[in-house]
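Examination of the molecular architecture
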Amino acid sequence: MTVLVRTATGLAALDRTGRRCVVMTMGALHDGHAALIRTAREHAGAEGQVIVTVFVNPLQFGANEDLDRYPRTPDADFALAREAGADVVFAPAVEEVYPGGDPQVRLSAGPMGERLEGATRPGHFDGMLTVVAKLLHLTAPDLAFFGQKDAQQLALIRRMVLDLNFPVEVVAVPTVREADGLARSSRNRYLSREERAAALALSRALFAGARERTPAAVREAAHRVLKEAPGLELDYVALVDPADFTDAGDGHRGDAVLAVAARAGATRLIDNLPLTFGGVPHDTPDATGPTGAPDTPDATGATAAPAAQHPQHTPGAAP
Ligand SMILES: Nc1ncnc2c1ncn2[C@@H]1O[C@H](COP(=O)(O)OP(=O)(O)OP(=O)(O)O)[C@@H](O)[C@H]1O
Ligand SMILES: CC(C)(CO)[C@@H](O)C(=O)[O-]
Ligand code: BAL
């Protein structure tokens with residue numbers, strides 16, 4: 001049975017059985033979230049406990065962003081979480097998470113939080129880390145699951161856990177895509193037909209980049225697709241080091257993230273692909289992986305290419 005909990009007291013009253021696994025979301029749940037919840041269920045096993053948090057965190061939205069219109073679908077969220085294997089859905093009110101009103105003490109994401117997404121959305125990552133820290137305290141998990149789709153968020157959460165000694169293991173889950181390559185996102189539901197068609201250039205650019213072997217060629221190929229894409233306003237396309245999101249230069253070796261952000265109409269979308277240069281990649285992504293969904297849609301030839309055929313660069317799995 002899946003239970004709905006709305007208060008910190010209700011959470012604290014839960015029995016603790018086996019490994020506790022947490023998936024944090026802002027609701028409007030889709031297949032990407034379901035993959036996180038299923039992966040959490042696998043890690044928790046029958047004995048363990050899966051908690052899904054649903055909370056649209058005002059702190060991580062800028063003044064001109066979509067806090068008010070962000071989709072809220074509580075009944076469908078509960079049903080999806082239950083189907084995917086959640087034991088508990090924690091859906092608190094804003095006053096429950098911020099009982100003292102606007103918090104005076106907040107986390108700072110530091111320099112990594114000012115790059116890429118942080119440059120366009122000042123304060124976003126401070127607000128995100130503040131609520132993730134609070135939700136970690138409230139739910140006290142053994143493991144917490146985050147999507148590779150929000151690669152910079154994932155890197156910052158890993159860094160916060162390391163820097164501030166949170167007793168939790170962070171598990172990354174590969175990006176779930178629609179059949180044509182579009183990364184699943186709650187914000188996709190804002191898109192008109194034309195905007196959705198335009199948005200496909202994000203994943204096309206990433207797959208074009210992933211077919212190349214050197215950092216310079218990867219950047220150039222991705223940029224070329226986006227430059228020619230109609231109906232998209234490009235924010236950034238960047239090849240970065242996943243440890244700190246600084247630029248991966250032409251001599252870069254090891255893991256990298258090819259990240260892109262663009263606007264289709266009024267909707268801002270992000271996407272990325274993890275890549276590996278010059279060496280043995282991490283575990284090669286299993287095309288049907290734990291999420292049951294392909295990390296890249298089909299014939300990019302990229303994820304399937306064995307390292308030996310791409311001596312300088314072989315796409316890798318989520319860090
Ligand atoms: N397509 C996806 N594949 C895998 N994980 C995902 C996907 N989309 C979101 N997630 C993960 O789900 C968690 C909750 O994300 P969130 O609720 O913000 O969903 P979202 O679809 O990213 O929404 P938004 O459109 O607001 O960015 C995060 O860890 C996020 O990385
Ligand atoms: C991690 C998170 C739930 C914090 O509000 C949010 O940023 C999200 O849904 O990715
Ligand atoms: N998925 C990241 C949360 C945000 O865009 O605010």
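Criteria and cut-off values
- Residues numbered from 1 in each chain as written.
- Chains lettered and ligands numbered in written order.
- Predicted model: local features only at pLDDT ≥ 70, side-chain atom pairs only at ≥ 80, totals over all residues.
- Heavy atoms only, no water.
- Helix = DSSP H or I, 4+ residues; strand = E, 2+ residues; numbered from the N terminus.
- Expected span 1.5 Å × (residues − 1).
- Buried < 20%, exposed > 50% of the residue type's maximum accessible area, 1.4 Å probe, protein only.
- Arc of directions from axis to C-beta.
- Near = heavy atom within 4 Å.
- Polar contact = N/O pair within 3.5 Å; in protein donor to acceptor, adjacent residues only side chain to side chain.
- Areas by Shrake-Rupley, 256 points an atom, 1.4 Å probe, with all protein chains shown as cover.
- UniProt positions renumbered as here; feature names shortened; annotations may be inferred.
- Contact = heavy atoms within 4.5 Å.
- Pairing = 2+ DSSP bridges.
- Axes fitted to C-alpha atoms, helices over the stretch in contact; angles between N-to-C directions.

Here the focus is helix α9 (residues 215–227). Taking 1.5 Å of rise per residue, 13 residues should cover 18 Å, and α9 covers 18 Å from first to last C-alpha, within 8% of that figure. Among all positions in α9, only P215, V218, A221, A222, V225 and L226 are buried. The arc that holds the buried residues of α9, viewed along the axis, is 140 degrees, so those residues lie on one side.

This next bit is on the site of ligand 1. Looking at ligand 1, there are 20 residues lining it, with Y70, K149, D150, S185 and S186 nearest. One nitrogen or oxygen atom from the side chain of H30 is found 2.7 Å from an oxygen atom belonging to ligand 1. R187 has a polar side-chain atom sitting 2.8 Å from an oxygen atom of ligand 1. Here ligand 1 has 580 Å² of accessible area as a free molecule, and 95% of this is covered by the chains. Breaking the shell around ligand 1 down by element, the ones donating at least two residues are β2 (20–25), α2 (31–44) and β5 (143–147). In terms of residue count, the dominant contributor to the shell around ligand 1 is α2 (three residues).

Attention shifts here to the UniProt feature "binding site: beta-alanine" (unreviewed entry) in the chain. The positions that UniProt labels "binding site: beta-alanine" (unreviewed entry) are, in the present scheme, Q60. Here Q60 falls in the buried class, since its relative accessible area comes to 8%. Apart from the residues lying within four places of it in its own chain, the contact partners of Q60 are M26, E65, R121, H124, G127, M128 and V131.

Taking strand neighbours across the sheet as the criterion, the six strands line up as β1-β4-β3-β2-β5-β6 in an open arrangement whose pairing is parallel. At either end of the open sheet lies a strand with only one pairing partner, and these are β1 (3–5) and β6 (169–173). With direction set aside, neighbouring strand axes in the sheet form an average angle of 25 degrees. Across five bridges, β5 lies against β6 in parallel orientation. Bridge pairing links L143 to E169 in β6.

Mapped onto this numbering, the UniProt entry annotates "active site" (unreviewed entry) at H33. Given a relative accessible area of 13%, H33 falls into the buried group. Excluding residues within four positions of it along the chain, H33 makes contact with T25, G27, A28 and S186.

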